[in-house]
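Observations on the model geometry
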2 protein chains.
Amino acid sequence: MMDVTGTIAATVFNEDTLKAYLASTPRLSHVFGGEVDSLRIHEIGDGNLNFVFFVRGDKAALALKQALPYSRMSGGARALTCERLAFETKALQIFARLAPAHVPAVHHYDAERSLMAQEFLSPHIVMRKGMIEAIAYPHFADHISTYLAQCLHGTSDFALAATEKRELVADFARNIELCEITERLIFTEPFTNSPNNRWTSPALDGQVAQLQSNVALKLRVAALKQKFLTRTDALLHGDLHSGSIMLTPDDTKVIDPEFAVFGPMGFDIGILVGNLLLNYFAQPAYEASVGERGPYGDHILAMVQEIWSGFAFKFAALCREAPGDGILSCVGLESSDDARQGRNAFVHAYLDEVLQDTISYACVEMIRRTIGRAHTLDYDLIVDDGLRAKAESASLACAVEILARPVGVGSITDLCRASRDFARSAGRQPQMP
Amino acid sequence: MMDVTGTIAATVFNEDTLKAYLASTPRLSHVFGGEVDSLRIHEIGDGNLNFVFFVRGDKAALALKQALPYSRMSGGARALTCERLAFETKALQIFARLAPAHVPAVHHYDAERSLMAQEFLSPHIVMRKGMIEAIAYPHFADHISTYLAQCLHGTSDFALAATEKRELVADFARNIELCEITERLIFTEPFTNSPNNRWTSPALDGQVAQLQSNVALKLRVAALKQKFLTRTDALLHGDLHSGSIMLTPDDTKVIDPEFAVFGPMGFDIGILVGNLLLNYFAQPAYEASVGERGPYGDHILAMVQEIWSGFAFKFAALCREAPGDGILSCVGLESSDDARQGRNAFVHAYLDEVLQDTISYACVEMIRRTIGRAHTLDYDLIVDDGLRAKAESASLACAVEILARPVGVGSITDLCRASRDFARSAGRQPQMP
């Protein structure tokens, strides 16, 4: 089984073959002190695209990820090259260098077998699950805004010399297959009559029909898609929802950057914010089913605001303190108050645009997670159709309303206020049939 | 000499070795009806980076371009990979497909020898030379605006599906060496105290010192450099000055796209406009030396205006008529007046930004061609220091003044009016010492 012809790459590892592989790979067996036989291995079974194995010994543990030449979710029906794991590994290594506190360490990558071994995260859980259970994350906004500022600044023209940046852009420019999924699932299908869409029917039928015939909305989404296609501002995680974050109340790690590509910074921040807001909109339904959850909704809105303000603050600080050979280095770094103020104004004008993008991409994410192909557990776990439809309807209406506003005027407070208003008015009104 | 080990690639062809190569390459000898011995070959000797051979027989002719692993201008001192010829060939083939009337046909490409054969253009001359001789080009604006609209639209998200576009972007993402030249010579050196800069001294010393300590100007240029680094809107020629255009009064061909890379559309149009305006500013000096040239300056300003208006008109028409699987196809192509008007407004908002970029890049080009490393014959041919300084000073002042205006308000008419005003006031005032 463990031949080196490369044909093995199309085969899923099992417990025996993985143990044999670990035993024959000194770098990995070394992690376990050479004691491979007694390792406990299980495949966690919930990856959309890949297979993930947890490998635990008495003194150490690793998470191993294997990509096969198809999407796992499709049962083999949808071909995908294994190259995605190479992009993920490279992105993890870059992000780990820039934001070491918030990215798991990569221990091993085997291109031939499409296998990557990374730090095992324990007792971390997936953030989406934690939020569904109303666990408070008092440090999350601080952690993730640090991660975002360090990774987005560090891969942008604010930090890198032009040639160094172009080399990185070229390295990720071929991660096209996964970008295609993003482009189709986020920006195209939900706004067209695609058979891949699904929503709570018939409750949302009217809203979906309206949305899909709203020309102004579709043009706004086309502009956001175009921005995703034509900007290479920074290396994005590319899929930064609450399922790509593993955390405890004290520690935050960002995983799974297989969609990594250069794009507009607001895309990453917006996807994250959109997913937190979906959970916010689900709160009344959770309360109706399992009872009072305290001010968890307020906690979410506070996180959203602090993510943005923390990011903007830390990003601007990095531009001041770590200009490197970046875009502003030609403006006389050592020099006058005039130059310092000018550079500062430049960075803040840039951040103004990132904020508008963040708000807009958050809204698109809320829409596509409600009526497109890929939904989230935040809503899917709500058993009662009426309660779920009420939450979904409110988040849809909120997102559509915000996207209809003139471009360039929103604040993160507006976004949170609108979310609160739409959630409350949904709570007061009986659900329309 | 003609071995196939690849070592030959580092050797310049001479008449004998090139004849032997043509004889042994059926596709090329066929062009000349097999009569290779009688071909007349000469190296034209004026390439900055490469060697160019004109090969003429009785019935046919070809232009052959050879790239060596260094910049020709540097005499071998500056290493450059031969890959640039691969990018040039690929770009020529794409542009020739999109704008066949205005791009020479490629007949042959030999990667091993870094040799490319293209259509021989006769009786075409280089446009810069024609403008210096005050030759009128009544169809140029129409031709080049067609070229620009067809090439920029055809390689953009307005025409291509997302994945097809990403493949093309990735193909050109490694043309990094030549981008580095653009970034340094256009956006960096002229605005810093670089030993590579040169200008008419001492006449321009004061203006240059002012410009290089103008923080607001340098921040504006940093924003334009950032845009060049972070946009992948369309495949640019990348070096579209009047020396990259060969024409007759009736035919226009664009050559030499070795700097091809995806970038903001306004970069290509702006570089072209900037070079035409440099020649406009040189007109009074030509008149002072060789006498009245008639309304040639007016002809240039009319060309600049028609290039923009022609481009905008043709680009918008292509968006309407050839939407393909592009960014606006999701907005219901077949549908209502509402959708049609919405798509049209989208395209025109996009063109508004391209126009602002065009004006800005034109100004940066005027500055760098006057005080940076690479000047143009338009000014260099003016023997009289005083006359040359007067023209240069006027174009510098004009460019700096326009770049100081608030972003987003300029029209192409403003640009031409400002050029006329600055040129006239320079003509009226005695040149400052």
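Residues numbered from 1 in each chain as written. Chains lettered and ligands numbered in written order. Predicted model: local features only at pLDDT ≥ 70, side-chain atom pairs only at ≥ 80, totals over all residues.

Let's shift gears to the overall build of chain A. When its secondary structure is counted, chain A shows 15 helices and 10 strands. Against the globule reference of 22 Å for 433 residues, chain A gives a C-alpha radius of gyration of 22 Å, in line with a compact fold. Expressed as lengths along the three principal axes of its C-alpha atoms, the size of chain A is roughly 65 × 60 × 40 Å. Buried residues in chain A amount to 49% of all 433 residues. (Helix = DSSP H or I, 4+ residues; strand = E, 2+ residues; numbered from the N terminus. Rg over C-alpha atoms; globule rule 2.2 N^0.38 Å. Buried ≥ 20, exposed ≤ 12 C-beta atoms within 10 Å, placed from the backbone.)

Here we come to the nonpolar core. The biggest cluster of nonpolar side chains holds 225 residues, and the ones touching the most others in it are F95(A), L277(A), V304(A), I307(A), L277(B), V304(B) and I307(B). Those residues in contact with L277(A) that lie beyond four places of it in its chain are V304(A), A362(A), M366(A), S395(A) and S419(A). (Core = buried A, V, L, I, M, F, W, Y, C linked by C-beta atoms within 7 Å. Contact = placed C-beta atoms within 7 Å.)

The next point concerns unusual backbone geometry. Cis peptide bonds are those with omega within 30 degrees of zero, and the linkage from S201(A) to P202(A) qualifies with 5°. In this fold, P202(A) is placed in the loop between α7 (176-188) and α8 (205-212). Backbone geometry at A134(A) places phi at a positive 60°, although glycine is not the residue there. Position of A134(A) among the secondary structure elements: in the loop between α4 (127-132) and α5 (140-154). One non-glycine residue, S114(B), lies in the positive phi region at around 50°. Given 24 C-beta atoms within a 10 Å radius, S114(B) is considered buried.

Attention now moves to helix α3 (residues 83-98) of chain B. The terminal C-alpha atoms of α3(B) lie 23 Å apart, and with 16 residues this matches the ideal 22 Å at 1.5 Å per residue to within 8%. What α3(B) keeps buried is the set R84(B), L85(B), F87(B), E88(B), T89(B), A91(B), L92(B), I94(B), F95(B) and A96(B). (Expected span 1.5 Å × (residues − 1).)

All names here are of chain A. Pairing is antiparallel in the open sheet, where five strands are placed in the order β1-β2-β3-β5-β4. Only two strands of the sheet have a single neighbouring strand rather than two, namely β1 (40-43) and β4 (106-110). The mean angle between the axes of side-by-side strands here comes to 15°, regardless of whether they run parallel or antiparallel. Pairing analysis gives five bridges linking strand β3 (residues 61-66) to strand β5 (residues 115-119), with the strands arranged antiparallel. Pairing of K65 across the sheet is with M116, part of β5. Where helix α3 (residues 83-98) meets the sheet, it contacts β3, β4 and β5, and its direction lies at approximately 155° from that of β4. (Pairing = 2+ DSSP bridges. Axes fitted to C-alpha atoms, helices over the stretch in contact; angles between N-to-C directions.)

Across the boundary between the two partners, chain B contributes 37 residues, which contact 37 residues of chain A. Considering each element in turn, the side of chain B that touches chain A owes the most residues, nine residues, to helix α9 (residues 215-230) of chain B. Grouping the amino acids of the side of chain B that touches chain A by side-chain chemistry returns 18 nonpolar, seven polar and 12 charged. (Nonpolar A, V, L, I, M, F, W, Y, C, P; charged D, E, K, R; others polar.)

Residues and elements named next belong to chain B. On the secondary structure map, A99 appears in the loop between α3 and β4 (106-110). Separated by 154 residues in the primary sequence, A99 and K253 place their C-alpha atoms 9.8 Å from one another. Dropping the residues within four chain positions of it, A99 is found in contact with T146, Y147, Q150 and C151.

Let's shift gears to the domain arrangement of chain A. Residues and elements named next belong to chain A. Its domain assignment divides chain A into domain 1 (7-119) and domain 2 (125-428). At the junction of the two partners, domain 1 supplies 16 residues and domain 2 supplies 20 residues. The residue makeup of the side of domain 1 that touches domain 2, split by class, is 11 nonpolar, two polar and three charged. (Domains from an automatic or database assignment.)

On to the pairing of strand β2 (residues 51-56) of chain A. Residues and elements named next belong to chain A. Relative to β2, β1 runs antiparallel, the two sharing four bridges. Considered in β2, the bridge of E43 is made with F53. Relative to β3, β2 is paired through six bridges, and the arrangement is antiparallel. By the bridge assignment, F54 is partnered in β3 with A63.

Residues and elements named next belong to chain A. One way to put it is that helix α10 (residues 265-290) packs onto helix α11 (residues 296-321) with a least axis distance of 9 Å and a crossing angle of 165°. The orientation of α10 relative to α11 falls into the category roughly antiparallel. Considering the relative orientation of α10 and α11, their crossing is left-handed. Along its contact with α10, which presents I269, L272, V273, L276, L277, N279, Y280 and Q283, the element α11 presents Y296, G297, I300, L301, M303, V304, I307 and F311. (Parallel < 35°, antiparallel > 145°, perpendicular 65-115°, else oblique. Left-handed = near helix turned anticlockwise from the far one by under 90°.)

Another aspect to go through is the sheet that holds strand β8 (residues 245-247) of chain A. All names here are of chain A. One open sheet accounts for three strands, arranged β6-β8-β9; its pairing is antiparallel. Every other strand in the sheet has two partners, leaving β6 (125-126) and β9 (252-254) as the edge strands with one partner each. Of the pairings in the sheet, the one linking β8 to β9 comprises three bridges and is antiparallel in character. Across the sheet, I245 pairs through a bridge with V254, a residue of β9.

Here the focus is the environment of A203(B). Residue and element names in this part refer to chain B. Along the polypeptide, A203 turns up in the loop between α7 (176-188) and α8 (205-212). By C-beta crowding, A203 is classed as partly exposed, having 19 other C-beta atoms within 10 Å. Distance in space between the C-alpha atoms of A203 and E392 is 9.7 Å, their sequence separation being 189 residues.

Residue and element names in this part refer to chain A. For the pair α5 and α10, the least separation of the axes is 11 Å and the interaxial angle reads 160°. Relative to α10, the element α5 is oriented roughly antiparallel. Between α5 and α10 lies a crossing whose hand is right-handed. Residues I144, L148 and L152 of α5 pack against M265, D268, I269 and L272 of α10. Among the residues making up the contact of α5 with α10, the classes are represented as six nonpolar, no polar and one charged.

Let us look at the relation of the copies chain B and chain A. The two chain copies are related to each other by a rotation about an axis together with a translation along it. Of the transformation placing chain B onto chain A, the axial shift is 0.0 Å and the rotation is 180°, giving an RMSD of 0.0 Å. Both copies of the chain, as the preceding transformation shows, are related through a two-fold rotation axis. Relative to the rotation axis, the closest C-alpha in chain B is found at R231(B), a distance of 2.5 Å. (Least-squares fit on C-alpha atoms with pLDDT ≥ 70 in both.)

Of all residues in chain A, 96% attain a pLDDT of 70 or more, and the chain-wide mean is 92. Low pLDDT, under 50, characterises residues 1-9 of chain A; the predicted model gives this stretch 14 contacts beyond four residues in sequence or across chains. (pLDDT = per-residue confidence, 0-100.)

Moving on to the environment of S244(B). All names here are of chain B. The topology assignment puts S244 in the loop between β7 (234-236) and β8 (245-247). For S244 and M127, which are 117 residues apart along the polypeptide, the C-alpha to C-alpha distance reads 7.8 Å. Leaving out residues up to four positions away in the same chain, S244 has contacts with H237, D239, V254, I255 and D256.

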